[in-house]
Amino acid sequence: MEHDHSHSDLIKEARSHLKAIFEESKQSIYLFLDDENKVCNKKFAALLGYKSPEEWSAVEDSFTQAFVDEKSQEKLVSAYQKAMNDFVGSSMEVEWKKKSGGKVKTKVILVPFLFNGHLFALHFID
């Protein structure tokens, strides 16, 4: 795959491409390229106790350590690897870490999303 875009530009362009979905979906959503390049909608930021999608996106720690409960990490990482390696979507239960330290149980649909020659993971959360 070509690397003619910086990852920060790519995530912004992909978010813009998915604008209607991010803003109009009744589900929480996030798009993941790597630990530093991720975006979410207002619903997902609020679900985890963040004031805005920008505050959530600014977290620079490892994604799984920052946001995913230890019991759910292996399951989510395995689904992510299947999406990236085999273009396979997955559905699973995931327990998230809230900013406040609490936890929230959800159902997640993870799908691979190809944009401008780069593979992202798009997540829908109930």
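**Observations concerning the pattern of salt bridges**
All chains considered together, the criterion is met by four salt bridges. Across the pair K71 and E95 runs a salt bridge whose closest N-O atoms are separated by 3.8 Å. Here K71, found in helix α6 (residues 70-86), pairs with E95, found in strand β3 (residues 90-97); they are 24 residues apart in sequence, far enough to count as distant.

**Considering the layout of surface pockets**
Size it by volume and the largest pocket reaches roughly 210 Å³. Around the largest pocket, the lining residues are R15, F22, E23, V39, C40, N41, K42, K43, P53, E54 and S57. Within the residue set of the lining of the largest pocket, elements represented by two or more residues are α2 (19-24), β2 (37-40), α3 (42-47) and α4 (53-57). If you tally residues by element for the lining of the largest pocket, the top one is α4, at three residues. Residue composition of the lining of the largest pocket, grouped by class: four nonpolar, two polar and five charged. Here the second largest pocket is characterised by a volume of approximately 170 Å³. As for the second largest pocket, its lining consists of Y30, F32, D35, S62, F63, T64, L76, V77, Y80 and H123. Breaking the lining of the second largest pocket down by element, the ones donating at least two residues are β1 (28-34), α5 (63-67) and α6.

**Brief notes about the side chain of T64**
Take T64: it is sitting in helix α5. Its relative accessible area of 18% is what places T64 among the buried residues. Filtering out sequence-adjacent residues up to four positions away, T64 remains in contact with Q73 and V77.

**Overview of unusual backbone geometry**
With a phi close to 55°, F87 is a non-glycine residue in the positive phi region. As for its placement among the helices and strands, F87 is situated in the loop between α6 and β3. Look at F87 and you get exposed, because its relative accessible area is 53%. Its identity as a non-glycine residue notwithstanding, N116 has a phi of 50°, on the positive side. With respect to the secondary-structure elements, N116 resides in the loop between β4 (103-115) and β5 (118-125).

**A word on the side chain of S57**
The topology assignment puts S57 in helix α4. On the accessibility criterion, S57 (18% relative accessible area) is buried. When near neighbours in sequence (up to four residues on either side) are disregarded, S57 contacts K38, V39 and C40.

**A word on helix α1 (residues 7-17)**
Buried within α1 we find L10, I11 and A14. Each buried residue of α1 lies within a common arc of 95° when the element is viewed along its axis, so the set occupies one face. Buried-residue contacts for α1 involve β1, β2, β4 and β5.

About the thresholds
Chains are numbered independently. Their residues run from 1 in the order of the written sequence. Under the rules for a predicted model, residues below a pLDDT of 70 receive no local features and side-chain atom pairs below 80 are neither given nor counted, while totals for whole chains, interfaces and linings still include all residues. The basis for every side-chain value is the complete set of non-hydrogen atoms in the structure, without hydrogens or water. Any Lys or Arg side-chain nitrogen found within 4 Å of a carboxyl oxygen on Asp or Glu counts as a salt bridge. Strands are runs of DSSP state E lasting at least 2 residues, helices are runs of H or I lasting at least 4, and numbering of each runs from the N terminus. Only protein atoms enter the calculation, which uses a 1 Å grid: trapped sets of points that fit a 1.4 Å probe without letting it out are cavities, open sets showing protein on both sides within 12 Å along at least five of seven lines are pockets, and any residue with an atom within 4 Å of a point is a lining residue. Grid points are joined across faces, edges and corners, and a volume is the space filled by probe spheres set on the points. Only Asp, Glu, Lys and Arg are considered charged in this grouping, and only Ala, Val, Leu, Ile, Met, Phe, Trp, Tyr, Cys and Pro are considered nonpolar; every other residue, Gly among them, is considered polar. Classification of residues uses two cut-offs on accessible area relative to the type maximum, computed with a 1.4 Å probe and protein chains only: under 20% is buried, over 50% is exposed, and between them is partly exposed. Note on contacts: a residue pair is in contact if any heavy atoms of the two residues lie within 4.5 Å. As used here, the arc belongs to the directions running from the helix axis to the C-beta atoms.

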